[in-house]
Amino acid sequence: MGITSRFGKMLERVILAGAVCLAAGGFARGTDVWLDVDTATGLTDVDDGLMLIQCFHSPELTIRGVSVVFGNAPLKAAVPIAREIVSRFGPEGLEIHPGAAGEEDLGEENAAVRAMAAALRERPLTILAVGPVTNVGTLVKNHPEL
């Protein structure tokens, strides 16, 4: 995939996310958000990395957690990328929670699912899942009460 088509794909996702947000009336100041990403910045797509940075600096959002899932990069590559972005641009003390390494992990508890479940027990959250939704699917499947 060439740089133009990768940029086009990224732009489509950003526009779609913006349209969804506007259609929902936007975010209220201080909306509690969990970010579930498939970071591949430096390997293929930059969209999840840019989204993380934008969310960290948004006055409308309070980032309560970040989890990583396979997708644009294998999990073993995506986790260090997310850690680097969070350490450089995120709030101090924000942890990265590794999640599903593949679609076959649907229903398997992992650090990401356990962390999302714990955070949801504390307060309602808006989950922004911008990669494969295997972590969120496992959360719903294993913790339907949340």
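The structure reproduced in this document is the subject of the present report. If you're wondering where the values come from, they're calculated on a predicted model, not measured in any experiment.

Reading the values: rules and limits
Residues numbered from 1 in each chain as written. Predicted model: local features only at pLDDT ≥ 70, side-chain atom pairs only at ≥ 80, totals over all residues. Heavy atoms only, no water. Axes fitted to C-alpha atoms, helices over the stretch in contact; angles between N-to-C directions. Helix = DSSP H or I, 4+ residues; strand = E, 2+ residues; numbered from the N terminus. Parallel < 35°, antiparallel > 145°, perpendicular 65-115°, else oblique. Left-handed = near helix turned anticlockwise from the far one by under 90°. Contact = heavy atoms within 4.5 Å. Salt bridge = Lys/Arg side-chain N within 4 Å of Asp/Glu carboxyl O.

Below, the discussion takes up the packing of helix α2 (residues 47-56) against helix α3 (residues 75-89). The contact between α2 and α3 brings their axes to 10 Å, and the two run at 25°. Between α2 and α3, the crossing angle belongs to the class labelled roughly parallel. The two elements α2 and α3 meet at a crossing, and its hand is right-handed. From α2, G49, L52, I53 and F56 reach across to α3, where they touch I85, V86 and F89.

A few words now on the pattern of salt bridges. All chains considered together, the criterion is met by five salt bridges. A salt bridge links D32 to R123, with the nearest nitrogen and oxygen atoms 3.6 Å apart. With a gap of 91 residues between them, D32 in strand β1 (residues 31-37) and R123 in the loop between α4 (111-122) and β4 (126-129) connect regions that are remote in the sequence. The partner of R121 in a salt bridge is E145, and the shortest N-O contact between them spans 3.9 Å. Within this pair, whereas R121 is found in helix α4, its partner E145 is found in the segment after α5 (134-142), the two being separated by 24 residues in sequence. Salt bridges here are not isolated pairs; linked through shared partners, they connect D32, R64, E122 and R123.

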